[in-house]
Amino acid sequence: MASTDGIGEVWVFVQVDNGCAAEVSLELLGRARELAAELRTTVGALLLGSRVTSLAEGLIQAGADSVYVADDGSLAPYLTQPYARVISQLIRERAPEIVLYGATTTGRDLAPRIASILRTGLTADCTDLRIGSHSTKEREYEQLLYQIRPAFGGNIIATIISPDHRPQMATVREGVFRLPVPDSRRRGKIVPVPVALPAEEFSVQVISRSLEEKKVDLKGASIIVTGGAGVGSKDGFALIRELADTLGGVAGATRAAVDAGWIGHEHQIGQTGTTVRPKLYIAAGVSGSVQHRAGMAESARILAIDTDPHAPIFSVAHYGIVGDLHEVIPRIIRAYRSKA
Amino acid sequence: MSLRIVVLAKQVPDTQNITGQAMNEDGTVNRAALPAVFNPEDLNALEEALRLRESHGGRVTVITMGPPAASQVLRESLYRGADETILLSDGPFAGADTLATSYALAMAVRRIGPYDLIFCGRQAIDGDTAQVGPQLAEKLGLPQITCVSRIDLVDDGSITATRSIEGGFETVRAPLPALLTITGEANDPRPPSSRLVMTYKHADAELHRPYDDSYLDPEDAGAEVCMIDRHGRPVCRARIVLWDIEAVEARRDQVGLRGSPTRVKKITSVQLFPGEAMMVEPTDEGVTALVRELTEEHILG
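This one's a predicted model, so the numbers in the text were calculated from it and none came from an experiment.

The rules behind these values
Residues numbered from 1 in each chain as written. Chains lettered and ligands numbered in written order. Predicted model: local features only at pLDDT ≥ 70, side-chain atom pairs only at ≥ 80, totals over all residues. Helix = DSSP H or I, 4+ residues; strand = E, 2+ residues; numbered from the N terminus. Rg over C-alpha atoms; globule rule 2.2 N^0.38 Å. Buried ≥ 20, exposed ≤ 12 C-beta atoms within 10 Å, placed from the backbone. Contact = placed C-beta atoms within 7 Å. Nonpolar A, V, L, I, M, F, W, Y, C, P; charged D, E, K, R; others polar. Pairing = 2+ DSSP bridges. Expected span 1.5 Å × (residues − 1). Arc of directions from axis to C-beta. Axes fitted to C-alpha atoms, helices over the stretch in contact; angles between N-to-C directions. Parallel < 35°, antiparallel > 145°, perpendicular 65-115°, else oblique. Left-handed = near helix turned anticlockwise from the far one by under 90°.

Would you mind showing me how to read the overall build of chain A here?
The number of helices and strands found in chain A is eight helices and 18 strands. What you see for chain A is a C-alpha radius of gyration of 22 Å, in line with the 20 Å of a compact globule of 340 residues. For chain A, the C-alpha atoms occupy an extent of roughly 65 × 55 × 40 Å along the three principal directions.

Right, here's the structure in full:
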């Protein structure tokens, strides 16, 4: 796959959850549209599963020019190897320029397997994608995909490129790009993809799957109160939840708090969690790593509460309170309740 | 049934606990000043392997790739009970991205003969990519189960494990051999054993090519029995075996920077400086004034 002649399509792998296209896939179609316009090429959506063809129209409205549909009973539920085979085969046949995946559990399970089959580059968890040039002593490269991501615990932002290998592939977190507004006038074509896989690709069996209804709606919340390492304990999170409940908001958490087991992963905000843009974001005991900030910096108003006046969270905050959250939060609750 | 389990571990800079000493004057992180640690989820992978060996019998082999100093994660593995350790270290391996890393590790794993399971941590804290596990599984032609929070059962020829997926869990069964990536939810890793620390604290990597594990057989002339396990069986002193590119017969154009499709075009260090926030006093008066302001702006209801 070392050919870089001509510009192939920009592709998006469409994850299907409970019969619907995942939001992150639609967000990526929106971004793919912009990248494709810059590259003067078209957008392809990869749709795999059982009885999924009916989703193709929605993908065209979200930005796809072509939807490659592998609709086969053997492709539900998702299994790594059959999906990786079908997609890498299609990539070999049609030579897209770029392939994007949501950085979901599924995307992060699938994309590296495909990169390994094709021996091409893959960048995980991008927070931005752009088109740009690159020059080395040997040659000039035009129209490369800049794959931009924090690394090193969020202390650096790295721009990664894959100059000599195609396709250029990246996974991107949910919420990084805006959901495109469906355009019912858009027209596209549906391309059926035949599925013929040897039995050994199905050696893994899904025995059971338990999905809990997503109880926490971080993306839809207009107020989020997030606790970080400074909360100190599982019991300390009761205070975070109390403030969230009082203000009519939702409790969020940093990765440190989730990793410590104080609150569930579904509350996690940041590059490895959910990206949010509420009206008010209250960060309590959050130091503010780049990865966390990547998930909340676009909030309309940010209030940071921390004992360390040099905590990086204050650099993105609109309001700062230097103090112990265990004392400050009860004061906020009292002040809010007494204002009415 | 006895299990041969390979654990892949990585030494990483401790990006989770950055202290003032690791900061540059311009507010960026001095990466060279960060202490090197055992990647946290790789310790969870090692713990799962040790537990399975305790319940099923067998052998736990830990492999790491890195500079000579990375032998520290192998000593740490020996302190916790690993049977065999291999350090993959050579100039040409340097600068590898995840694809070139998975190729080099695949070449090393192929050297050691038949195995039942390969365990990796889900991801490393320096890059958070979670890519090497699936890439390695593909190179070795193995089924993969990623993001495993619990191993339910290992029986004749298969493993059943529960993995985290969006909004829930999924239990899957894969035939052996298989590769699993383990998350921090799986277990609490054991601390080092003081007896094993005494045994291995001076252990250093020694080049041994080709692969030969006869020193792990108590009957072998080269074996050095260093203790008796809790079942009364002799335990042979483990080694930190050093392998270079020649030992694993890897292709030079597929390892290190040369074998890496990706390039770092640019790195921007993030400045961790306070900005222009309006500071509010942590008093009742300060907080009340803030709540009033946010209410007047219709941000608070």
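That shown, we press on.
Even after reading the chapter, I still don't get unusual backbone geometry, so can you show me in this structure?
Glycine aside, a negative phi is what most residues show, and trans is what most peptide bonds show. That bond from A:Ala76 to A:Pro77 is cis: its omega, 0°, falls within 30 degrees of zero. Along the polypeptide, A:Pro77 turns up in the loop between strand 5 (66–71) and helix 3 (80–94). Cis rather than trans, the peptide bond between A:Arg166 and A:Pro167 has omega equal to -5°. Here B:Glu249, not a glycine, exhibits a phi torsion of approximately 50°, which is positive. Note on placement: B:Glu249 falls in the loop between helix 6 (245–248) and strand 15 (263–269). In this structure B:Glu249 comes out as exposed when scored by C-beta crowding, with 11 C-beta atoms within 10 Å.

Looking at this structure, I do not really get the interface of chain B and chain A. What am I missing?
It is common to give the size of an interface as the accessible area lost on bringing the parts into contact. Counting residues at the interface gives 67 residues for chain B and 74 residues for chain A. Counting only elements with at least two residues in the side of chain B that touches chain A, the list comes to helix 3 (98–111), helix 4 (132–140), strand 7 (144–155), strand 8 (158–165), strand 9 (168–175), strand 15, strand 16 (278–280) and helix 7 (284–296) of chain B. Among the residues making up the side of chain B that touches chain A, the classes are represented as 31 nonpolar, 23 polar and 13 charged. Looking at chain direction, strand 10 (residues 156–161) of chain A and strand 15 of chain B are connected through six bridges and run antiparallel. Bridging from a neighbouring strand, A:Ala158 pairs with B:Ile267 of strand 15 of chain B.

I tried to follow helix 7 of chain B on my own but got confused; where do I start?
Each turn of an α-helix holds 3.6 residues, which means side chains three or four residues apart point in the same direction. With 13 residues, helix 7 of chain B ought to run about 18 Å at 1.5 Å a step, and its terminal C-alpha atoms sit 18 Å apart, in line with that. Listed as buried for helix 7 of chain B are B:Val287, B:Leu290, B:Val291 and B:Leu294. One face of helix 7 of chain B carries all of its buried residues, which in axial projection span an arc of 100°. Seen from the open side of helix 7 of chain B, the exposed residues pointing more than 90 degrees away from its buried face are B:Glu285 and B:Glu296. Where helix 7 of chain B is buried, its residues meet strand 16 (280–284), strand 18 (319–322) and helix 8 (325–339) of chain A together with strand 16 of chain B.

In this structure, what is going on with the packing of helix 3 of chain B against helix 4 of chain B? I would like to understand it.
Pairs of packed helices are described in terms of their axes, by the angle between the two and the distance that separates them. Residue and element names in this part refer to chain B. Relative orientation of the contacting elements helix 3 and helix 4 amounts to 50°, with a least axis distance of 9 Å. By the criterion of interaxial angle, the relationship of helix 3 to helix 4 is oblique. Taken as a pair, helix 3 and helix 4 cross one another with a handedness that is right-handed. Where helix 3 approaches helix 4, its residues Thr 98, Leu 99, Thr 101, Ser 102, Tyr 103, Leu 105, Ala 106 and Val 109 are matched on the opposing element by Val 132, Gln 135, Leu 136, Lys 139 and Leu 140. Residue composition of the contact of helix 3 with helix 4, by class: eight nonpolar, four polar and one charged.

Would you take a moment to explain the packing of helix 4 (residues 105–118) of chain A against helix 4 of chain B for this structure?
Where helix 4 of chain A contacts helix 4 of chain B, the axes come no closer than 8 Å and their chain directions differ by 45°. By the criterion of interaxial angle, the relationship of helix 4 of chain A to helix 4 of chain B is oblique. Between helix 4 of chain A and helix 4 of chain B the crossing geometry is right-handed. Across from A:Asp109, A:Pro112, A:Arg113, A:Ala115, A:Ser116 and A:Ile117 in helix 4 of chain A, the residues of helix 4 of chain B making contact are B:Pro134, B:Gln135, B:Ala137, B:Glu138 and B:Lys139.

Hey, could you run me through the pairing of strand 10 (residues 178–182) of chain B in this one?
Residues in a regular strand project their side chains so that they alternate between the two faces of the sheet. Residue and element names in this part refer to chain B. For strand 10, a buried count of five out of five residues is recorded, marking the element as mostly surrounded by other parts of the structure. Both faces of strand 10 are covered, namely the face carrying Ala 178, Leu 180 and Ile 182 and the face carrying Leu 179 and Thr 181. Sheet topology places strand 6 (residues 117–121) next to strand 10; five bridges connect them, and they run parallel. When the sheet's bridge partners are listed, Gly 121 is paired in strand 10 with Ile 182.

Before we go on, may I ask you to explain the sheet that holds strand 13 (residues 205–211) of chain A in this structure?
Strands in a sheet are paired, the pairing made by backbone hydrogen bonds, and the direction either parallel or antiparallel. Here we have 11 strands laid out as an open sheet, ordered 13(A)-9(B)-8(B)-7(B)-10(B)-6(B)-1(B)-4(B)-5(B)-14(B)-11(B), and mixed in their pairing. In this open sheet, the two strands that pair with only one neighbour each are strand 13 of chain A together with strand 11 (205–207) of chain B. Taking each pair of neighbouring strands and ignoring which way they run, the sheet shows an average axis angle of 30°. The pairing of strand 11 of chain B with strand 14 (residues 240–243) of chain B spans three bridges and is parallel. Looking at strand 14 of chain B, one finds that B:Glu206 is bridged to B:Val241. Contacting strand 1 (3–9), strand 4 (58–65), strand 6, strand 7 and strand 10 of chain B, helix 1 (residues 40–56) of chain B crosses the sheet at an angle of about 170° to strand 1 of chain B. Relative to strand 4 of chain B, helix 3 of chain B is tilted by about 145°, and along the sheet it contacts strand 1, strand 4, strand 5 (84–88), strand 6 and strand 14 of chain B.

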